[in-house]
Amino acid sequence: MLDVFGTIGSVVVVLLLIVLATLAIAVVALVALAVMAGSMTNWRRLWRRLTGRQARLTLKLSGSAVPERRRAELSEGTPRLRRRFLLGGD
């Protein structure tokens, strides 16, 4: 009878160790996935959305005094390329 209880106890301990190892692996995988997802999140935009704040207005400069590249950077657009082929010496 004591041998049966010893065998049952050993099986229970082995099953408990297997369950704990599986849980530990699952927790490590979950933390790794959370870190990867957190690194791809735009936290500023998410914080504004959660707190109910409106996004700031983007500054868009216009006019001939502002260089095209700077104007495009501020308005989040792609700058146009201006190519001048001076063929006639003009």
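About the thresholds
Residues numbered from 1 in each chain as written. Predicted model: local features only at pLDDT ≥ 70, side-chain atom pairs only at ≥ 80, totals over all residues. Heavy atoms only, no water. Helix = DSSP H or I, 4+ residues; strand = E, 2+ residues; numbered from the N terminus. Buried < 20%, exposed > 50% of the residue type's maximum accessible area, 1.4 Å probe, protein only. pLDDT = per-residue confidence, 0-100.

**Things to note about the overall build of the protein**
Item 1. For the protein, the count of helices and strands is three helices and zero strands.
Item 2. Helices and strands in the protein line up, N terminus first, as α-α-α.
Item 3. In the protein, which comprises 90 residues, the share counted as buried stands at 3%.

**Notes on the confidence of the model for the protein**
Item 1. Looking at the protein as a whole, the pLDDT averages 77, with 58% of positions reaching at least 70.
Item 2. Summarising per-element confidence for the protein, the mean pLDDT is lowest in helix α3 (residues 68–74) (56) and highest in helix α1 (residues 2–39) (94).

**A word on helix α2 (residues 43–51)**
Item 1. In terms of residue burial, α2 counts as a barely covered element, since only zero of its nine residues are buried.
Item 2. A positive phi of about 85 degrees marks G52, the residue just after α2.

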